[in-house]
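Single-letter residue listing:
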Amino acid sequence: MGGIDFRLLGPLEVRVRGESVRVPGAAERALLALLLLAGRHAVPATTLVDQLWGSAELPVDPMNALQLRVSKLRRSLSAHGEDVVVRDGVGYRMDVDPDAVDVQRFVGAVRRGRALARVREATGAVRALGEYDAAFRLWRGDPLIDFVTHEWAAIEATRLSQMRLAALAERAEIGLGIGRHGEVIADLGPLVASEPTQERLVGLLITALYRDGRQTEALEVFARTRAVLDDELGLEPSAELRALHQRVLRQDPRLDPAPASAEAAASSQPAGNIPAEVTPLVGRADELSSMGELLGSTRLLTLVGPGGAGKTALSLALARSRTSAYPGGASVVGLAAVTADGDVVLAVADALGVPLDGAAHGSQASTRLVSYLARRELLLVLDNCEHVIDAAARLAVEILAGCPRVTIMATSREALAVPGEVQVTVAPLAVPPVGTAPERVLSYPAAELFVQRAAAVRRGFRLDDSDLVAVARVVTALDGMPLALELAAARASSLSPTELADRLADRFALLRGGARTADARHRALRATVDWSHTLLTGPEQVLFRRMAVFHGGWTLDAAEAVAAGPGVERNQVLDLLGRLVDQSMVIAEPGLPTRYRMLQTLQQYADEQLETAGERDDVAARHAGWFRELAETAEDSLRGRGQRLTLRRLRTEQSNLRAALAWLGADPSRLEERLLLAGALGWFWHLGRHIEGRAILRGLPGEGGSPAARARALQAVSLVERPRACLVHPSSRCEEAARTSLALFSEIGDARRAAVSRVLLAVQGVTGVDPDGSERLLEEAEQQFSRDDDVWGRAVVAFVRLETFLKAGDEDRALPAGRAAADAFRALDDPWGLSAVLYHLGWGLRQLGRYTEAVPVLEEAIAVAASADLHNTVQWALADLGIAHVHLGHPGSARRCFDRARSASE
């Protein structure tokens, strides 16, 4: 550990080279705690804002407020020679060794203790006790006690406290295993007295007292616990604790200490058939820890996830780590080869060695199995339940009801959906985000797994920076799915990482040839997905393949519009989509609205199925039609109160909009639809996507399409081609497009859109050329907006007049026009219009030498633009605000503005 030490397990304390230093400010201390809890991982700025404030007390400019807290925290630590708070992407992180944080040291010590506890030699147990004791010595009080009013702190404190209780129980189990009953009693006695409802700890204390020859005290502990549970919770002790009580009463020999000799200890190892670990499990330490704790509190744990996510490997590793907790050990039953529901019971009986002499299929076999398990205490792993899900669920219910000391862990693509089940989703391994530096790629579990497995098949496997970038491409394209990563790594014997990455467009042909000992469906990526696909019903398969047309996810409304057709009715989509989520073929992402997406591998498979079914063009046409309607509806919503929500929706759907434009562009007969979609997106592109909009609009043919469609596309050109992305910046190219669109709209009688083109054409008056003509255009547009009761249109007219008058030096008319425009946009809650007008008004005040008046106007422009992610306006307004501060003699404030402007462009 270096010269700095952070302590969160009790009151927050920072020590530098042994001396305690204070971090001033409760806000900065909370920020420090949040960053420390994340370890070396960056915390996004948006997450920090949500955690530190919450919606009820959110400042006007939350990002600015966060930057101020970061700056104060940096200064506080830098004053002691420690510059450890760093910007990382869109967030911040602490650049400190994990051992510099007591929480990380605690977690590390507990994990080392758990690993040592699995070593069979007695020295491993003794060393494990030392690690646990070192972990407990770090606690100085309740964790994060300084932040009890923060929700995030309460959640983290609960997590840490539960981990400490679990570790205390593990330490006690180890102590009992090597005969240190007195130590266990000393450790658990006071704890159970203060936490009498912690039944696992109560049971360990009862066992220790019994083994120490203190049977009466053991029975008294049980009696006190039963009384507390009844008085405080109205509950009986658990079946496990009641069973232990009966064993103590009858002095059951199974409560006696384990044999002392190594030979005896080996002979008393729990039974079971869990295979030994062949290759280490990578990137699942947190899951093993949390699921291990769950196994101590539930009797049915189901690991749910898509094929190839690593459910089997995780369940076996978990079973190995928990075998010693069950006198009957742990056994796994592989159900992949079972083809009939009636054979599930027989497969379980065979794996456990249950005698079935004279027993046949059906209830008699299940009755014999339940009878066999009724008096046993063991962990039963039911692996790969998805294709016999109903039979597996029925058997699980029978075992849970008739065998009170049996715990079941199941793996499946969908949950068993029975009472008492705890479901845990096994997600893919974390992959490096786009832009991750090469030296950090291997810090992500997906990349670590790939490289470990690749090194096993290729001697002298070495990686330079370009290889590491390619590894990041490979693991991201494969969604971090362990099976796909293992299959890809097997190809490393003959292909470089770059070659692998380049060939993943045909991943199903590339990724095959897995281990010969694996199930057939795990020897090739296609076989794994085929297995999942065959379990879907006909309508589910139809919906699954049609969802391949979406890019970047979709909503339920979109799915209903696009997927409905032969084989799937619109009113079926909700239920079918829910079934695909349940079966891990589709991922549901909570939000308003809920969004759905597929892993890339599943999407490619679904796309192949769509092509095979001959449905691609029909589904793509419905997809393009849906998103054209979305864009056309959004065009008006972007002008006024709905702007924030609509911007968020369109930004979310960008991948789908791009896909629709690309598909329409590939078919010359669909030029009309392409022009209409591009035209409808003009305002969206103007609000922050100018480069993309320019590229698409410049790629449109110069002729063709109806006058209405052509006019809308040209109006979009006049928007997105504006220099500096500014609506009131003149441009000959924009002038030409606006003039032609005005002529076309006038020709077809579209007065409303013609008024907008008049405003865009009138911007040329900012140059001082033909001011009368420009004003005439604005007056005509304003009259039409008044007829349409279009407040937004009139506000835009005032905006153009503001800029025209400012450039003409007409202060008397410019400032009233700007304030009127700002008031109108503010009333509309239009962040683009308000921030743009305020920026130009502030710029004008600065140009006029009215610096004191300019400052609050520019500050409001920055706050409004930042709230809507209008980064261009933020950057320009910050620069002008800095200049105003220079003129006011505030160099410090000016420097901060320029620094923020620079970071806004990064």
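Everything quoted here is computed from the prediction, not taken from an experiment.

Overview of helix H17 (residues 445-457)
Across its 13 residues, H17 extends 19 Å between first and last C-alpha, which sits within 8% of the 18 Å expected from 1.5 Å per residue. For H17, the full list of buried residues reads Pro445, Ala446, Ala447, Leu449, Phe450, Val451, Arg453 and Ala454. Residues of H17 that are buried in the fold lie against helix H18 (465-477), helix H19 (482-490) and helix H20 (497-502).

Some thoughts on the nonpolar core
Membership of the largest hydrophobic core comes to 182 residues, with the highest contact counts inside it found for Met409, Phe450, Leu511, Phe544, Trp554, Trp685 and Trp832. Broken down by element, this core gets its largest block of residues, 10 residues, from helix H37 (residues 791-807). Once residues within four sequence positions are removed from consideration, phenylalanine 450 is found in contact with Val471, Val474, Val475, Leu485, Ala488, Ala489 and Leu500. With 82 residues, the next largest nonpolar core counts Leu12, Val70, Tyr92 and Val184 among its residues.

Examining the confidence of the model for the chain
Averaged over all residues, the pLDDT of the chain is 85; the fraction at 70 or higher stands at 93%. Under a pLDDT of 50 for its full length, residues 357-363 has, in the predicted model, nine contacts with residues more than four places off or in other chains.

What to know about the pairing of strand S7 (residues 300-304)
The two faces of a sheet get side chains in turn, since along a regular strand they alternate between them. Burial analysis of S7 places five of its five residues in the buried class, which makes it a mostly covered element. What you see with S7 is no split at all: Leu300, Thr302 and Val304 on one side and Leu301 and Leu303 on the other are buried throughout. Here S7 pairs with strand S10 (residues 406-412) via five bridges, running parallel. Note that in S10 the partner of threonine 302 across the bridge is alanine 410.

Observations regarding the sheet that holds strand S4 (residues 43-44)
A sheet is described by the order of its strands in space; here three strands give the open sequence S4-S6-S5, paired in antiparallel fashion. Looking along the sheet, the strands with just one partner apiece sit at the ends: S4 and strand S5 (85-88). Contacts from helix H1 (residues 26-37) reach S4, S5 and strand S6 (91-94), with the element oriented near 80° to S6.

Structural notes on the packing of aromatic side chains
This model, assessed by the stated rule, comprises 12 aromatic pairs. Aromatic side chains tryptophan 554 and tyrosine 596 sit 6.4 Å apart centroid to centroid with 25° between the ring planes, which places their arrangement in the stacked category. On the criterion of sequence distance, the pair formed by tryptophan 554 in strand S12 (residues 554-555) and tyrosine 596 in strand S14 (residues 595-597) is long-range, its members being 42 residues apart. Geometrically, the ring pair formed by phenylalanine 799 and tryptophan 832 is edge-to-face, given 6.4 Å between the ring centres and 70° between the ring planes.

About the cut-offs
Residues numbered from 1 in each chain as written. Predicted model: local features only at pLDDT ≥ 70, side-chain atom pairs only at ≥ 80, totals over all residues. Heavy atoms only, no water. Helix = DSSP H or I, 4+ residues; strand = E, 2+ residues; numbered from the N terminus. Expected span 1.5 Å × (residues − 1). Buried < 20%, exposed > 50% of the residue type's maximum accessible area, 1.4 Å probe, protein only. Contact = heavy atoms within 4.5 Å. Core = buried A, V, L, I, M, F, W, Y, C linked by side-chain atoms within 4.5 Å. pLDDT = per-residue confidence, 0-100. Pairing = 2+ DSSP bridges. Axes fitted to C-alpha atoms, helices over the stretch in contact; angles between N-to-C directions. Phe/Tyr/Trp six-rings, centres within 6.5 Å; stacked < 30°, edge-to-face > 60°.

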